Amino acid sequence: MTEQTDSQVRIERDSMGDRSLNSSAYYGIQTLRAIENFPISGIKPLSTYVDACILIKKATAIVNGELGCIDQKISKAIVQAADEVLSGKFRDQFVVDVYQAGAGTSHHMNVNEVLANRALEILGYEKGNYKQVSPNDHVNYGQSTNDVIPTAIRIGGLLALSKTLHPALEGAIAALEKKAAQYQDIVRSGRTHMQDAVPVRLGENFRAWAYILTDHQNRIHTASGDLMVLGLGGSAAGTGLNTHPKYRASVVQTLSELINCPLEPAPHLMAAMQSMAPFVSVSGALRNLAQDLVKISHDLRLMDSGPKTGLKEIQLPPVQPGSSIMPGKYNPVMAEMTSMVSFQVMGYDSAIALAAQAGQLELNVMMPLIAYNLIHSIEILGNTISVLTERCIEGIIANQERCLAYAEGSLALVTALNPHIGYLNAAAVAKESLETGKSLRQIVLEKGLMDETELAKVLNLEQMSEIVGG
Ligand SMILES: N[C@@H](CC(=O)O)C(=O)O
């Protein structure tokens, strides 16, 4: 290993002493200590979460500059540094493991240090010259991890929802409605308890899934309303110590404009800091969606099962060879992946529930876990639903003959005879059909239970699978 020369390192000082850093690093001494303290997962902060923190820092620098709390020149340099990060620069400088100091102080200081060091360069100073621009005194003026991080989780959640999950759900709903219209006339056998049930239309199966996803989108949208209420301005304990009296309203307004979303200041800042309820609500709505995604992806796999020994009512588009050993096999990989992601989201939700109830007095220090789990849940669900739509749902082909054959052979068709011959007679017909292999029609006629024309009208599959009153 080659030794670093003096020009390749800089010395920084904090309340614990001096440390040397590589002079190319934009993060500083507190980040360095956190890197050493938390070599846990290797998982770095999600880019949406970094965006959220940087947007908050941009808003606070603008407002603190306008209110005269920090020098205008410094304010402008911090804003320029923030814009550079938002445009994609310096992203490799956000390096603290997601499992880190409680409340997120380490990641927060990482953000403050990167912005301070870049602002120093913009103003013509060396990195680390914190007398000129300080991570704590300027970038973090009037702020605390304790109000910034819960705000960043809210903003990160909102950004992730609007960029990934909501568009993905809209695409899936549109694709399912298209399939519903395409396959409206195909009759298939319903199955309840995995046994023959009355006939249904394949198109209605797709329409039902579209409605299920629409309901989840509405639930998530409603829950996410809570994310728009911000405790920013509360500083360390929700009292707003060290902030300008006009800061709180102004910073929320500025942030609203930056992300083009109607944010509002929380009516009680201590409450906003202490309770993790908004994140629990959104995570709960995500879990709810994930549970139905499991159901839908399992249905897709069942209906596609075969090709020779399963149901094969539909054909999912083959997207890759399925087996390392069995030639010619194509597996329902997109649906399999969807189930696994959904299980992960449920796991994240369980951890969020544990973290959310672990607040003590003025603060809940488990926020880093909540931040990662919530934003990651939204993003992996969004990505999953997008590819499931494009690589699976849009390419589904119905096997009309197979669907009809199952529907015609279903013993549950006798259900339509109940009003005409009674449940017990119908049950006897079904039993005999199963034992002898004779058709339901033949047995009813042999027993003289109904005449031929009447029976033909009642055992009409199209009519039986119509939605009554629909
Ligand atoms: N989380 C810190 C405050 C901060 O980082 O701003 C504490 O309460 O100790």
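Residues numbered from 1 in each chain as written. Predicted model: local features only at pLDDT ≥ 70, side-chain atom pairs only at ≥ 80, totals over all residues. Heavy atoms only, no water.

- The name recorded for the chain in an unreviewed UniProt entry is aspartate ammonia-lyase, from Aetokthonos hydrillicola Thurmond2011.

**Thoughts on the overall build of the chain**
- What the chain contains, in helices and strands, is 18 helices and eight strands.
- Over its C-alpha atoms the chain spans a radius of gyration of 30 Å, topping by over 25% the 23 Å that the globule rule assigns to 470 residues.
- Summarising its shape, the C-alpha atoms of the chain cover approximately 100 × 55 × 35 Å along the three principal directions.
- Across the 470 residues that make up the chain, the buried fraction comes to 50%.
- In the chain, the share of contacts with a sequence separation of at least 24, taken over all contacts with a separation of at least 6, comes to 71%.
- Of the roughly 22100 Å² that the chain leaves accessible, carbon and sulfur atoms contribute 53%.
- Seen as two clouds, the 38 positive and the 47 negative side-chain charges of the chain have centres 2 Å apart. (Helix = DSSP H or I, 4+ residues; strand = E, 2+ residues; numbered from the N terminus. Rg over C-alpha atoms; globule rule 2.2 N^0.38 Å. Buried < 20%, exposed > 50% of the residue type's maximum accessible area, 1.4 Å probe, protein only. Contact = heavy atoms within 4.5 Å. Areas by Shrake-Rupley, 256 points an atom, 1.4 Å probe, with all protein chains shown as cover. Lys, Arg positive; Asp, Glu negative; His and termini not counted. Charge placed at Lys NZ, Arg CZ, Asp CG, Glu CD.)

**Focus: the side chain of Gln93**
- Within the secondary structure layout, Gln93 lies in the loop between helix 3 (72-86) and helix 4 (105-122).
- Excluding anything up to four places from it in sequence, Gln93 contacts Ala25, Tyr26, Tyr27, Asn110 and Val114.

**Thoughts on the side chain of Ser465**
- One can find Ser465 in the segment after helix 18 (461-464).
- Looking at Ser465, its side chain comes within polar contact range of the main-chain oxygen of Leu461, at 2.9 Å.
- A distance of 3.1 Å separates the side chain of Ser465 from the backbone oxygen of Glu462, its partner in a polar contact.
- Among residues more than four places away in sequence, those in contact with Ser465 are Val187, Pro199, Val200 and Arg201. (Polar contact = N/O pair within 3.5 Å; in protein donor to acceptor, adjacent residues only side chain to side chain.)

**Describing the site of the ligand**
- Surveying the vicinity of the ligand reveals the residues Ala103, Thr105, Ser144, Thr145 and Asn146.
- Contacts to the ligand include Ser144, whose side-chain N or O atom sits 2.7 Å from an oxygen atom.
- A distance of 2.4 Å is found between an oxygen atom of the ligand and a side-chain nitrogen or oxygen belonging to Thr145.
- Across the complex, the protein chains shield 56% of the 280 Å² of accessible surface that the ligand would expose by itself. (Near = heavy atom within 4 Å.)

**Observations regarding the UniProt feature "domain: Fumarate lyase N-terminal" (unreviewed entry) in the chain**
- Residues annotated in UniProt with the feature "domain: Fumarate lyase N-terminal" (unreviewed entry) correspond here to residues 21-347.
- The span residues 21-347 shows a helical share of 58% and a strand share of 6%, and its end C-alpha atoms are spaced 38 Å apart. (UniProt positions renumbered as here; feature names shortened; annotations may be inferred.)

**A short note on the pattern of salt bridges**
- Scanning the entire structure with this criterion turns up 18 salt bridges.
- In this structure, Arg191 engages Glu313 in a salt bridge whose closest nitrogen and oxygen atoms are separated by 2.7 Å. In this pair, Arg191 sits in strand 3 (residues 187-192) while Glu313 sits in the loop between helix 10 (277-303) and strand 7 (314-315), placing the two residues 122 residues apart along the sequence.
- Looking at Arg191, the relative accessible area reads 26%, which means it is partly exposed.
- The class of Glu313 is buried, set by a relative accessible area of 0%.
- Salt bridges here are not isolated pairs; linked through shared partners, they connect Glu84, Arg118, Glu121 and Lys127. (Salt bridge = Lys/Arg side-chain N within 4 Å of Asp/Glu carboxyl O.)

**Some details on the confidence of the model for the chain**
- Scored by pLDDT, the chain comes out at a mean of 97, with 99% of its residues at no less than 70.
- No element of the chain has a lower mean pLDDT than helix 18, which averages 95, and none a higher one than helix 3, which averages 99. (pLDDT = per-residue confidence, 0-100.)

**Structural notes on the packing of helix 2 (residues 47-66) against helix 8 (residues 247-259)**
- Here helix 2 crosses helix 8 at 130 degrees, and the two axes come no closer than 9 Å. Judged on the interaxial angle alone, helix 8 and helix 2 are oblique. Seen along the crossing, helix 2 lies across helix 8 with a hand that is right-handed. Of the residues in helix 8, those in contact with Leu55, Ile56, Lys58, Ala59, Thr60, Ile62, Val63 and Asn64 of helix 2 are Tyr247, Ser250, Val251, Thr254, Leu255, Leu258 and Ile259.
- Of the residues assigned to the contact of helix 2 with helix 8, the class counts are ten nonpolar, four polar and one charged. (Axes fitted to C-alpha atoms, helices over the stretch in contact; angles between N-to-C directions. Parallel < 35°, antiparallel > 145°, perpendicular 65-115°, else oblique. Left-handed = near helix turned anticlockwise from the far one by under 90°. Nonpolar A, V, L, I, M, F, W, Y, C, P; charged D, E, K, R; others polar.)

**Some thoughts on the pairing of strand 2 (residues 17-22)**
- Where strand 1 (residues 9-14) meets strand 2, six bridges bridge the pair, whose relative direction is antiparallel. Opposite Val9, over in strand 2, you have Asn22 as the bridge partner. (Pairing = 2+ DSSP bridges.)

**Let's talk about the state of the cysteines**
- The tally for this structure, following the rule as stated, stands at zero disulfides.
- In this structure Cys392 is a free cysteine whose sulfur lies 15 Å from that of Cys403, the closest cysteine sulfur available. (Disulfide = S-S within 2.5 Å.)

**Description of the packing of aromatic side chains**
- Applying the stated criterion across every chain yields a total of four aromatic pairs.
- When the centroid spacing of 6.4 Å and the interplanar angle of 40 degrees are considered together, the rings of Tyr183 and Phe206 count as tilted. Residue Tyr183 is found in the loop between helix 6 (145-182) and strand 3, and its partner Phe206 is found in helix 7 (residues 202-224); the two are separated by 23 residues along the sequence.
- Measuring from ring centre to ring centre gives 5.6 Å for Phe206 and Trp209, while their planes differ by 85 degrees; the resulting arrangement is edge-to-face. Of this pair, Phe206 and Trp209 both sit in helix 7, three residues apart, which is roughly one turn of that helix. Each of the two residues, Phe206 as well as Trp209, counts as buried.
- Through a chain of ring-to-ring contacts, three or more aromatic side chains come together here, namely Tyr183, Phe206 and Trp209.
- The residue whose ring lies beneath Lys127 is Tyr26, and the NZ or CZ to ring-centre distance is 4.5 Å. (Phe/Tyr/Trp six-rings, centres within 6.5 Å; stacked < 30°, edge-to-face > 60°. Lys NZ or Arg CZ within 6 Å of the ring centre and 35° of its normal.)

**Some thoughts on the environment of Glu264**
- Relative to the assigned elements, Glu264 resides in strand 6 (residues 264-265).
- In sequence terms Glu264 and Met109 are 155 residues apart; their C-alpha atoms lie 25 Å from each other.
- If we ignore the near neighbours within four places in the chain, the residues touching Glu264 are Met228, Val229, Leu230 and Val252.

**Thoughts on the pairing of strand 4 (residues 195-201)**
- As judged from the five bridges shared by strand 3 and strand 4, these two strands associate in the antiparallel manner. Bridge assignment links Val187 to a residue of strand 4, and that residue is Arg201.
- Here strand 3 folds back onto strand 4, and the loop between the two strands holds two residues, one of which, His193, carries a positive phi near 55 degrees.

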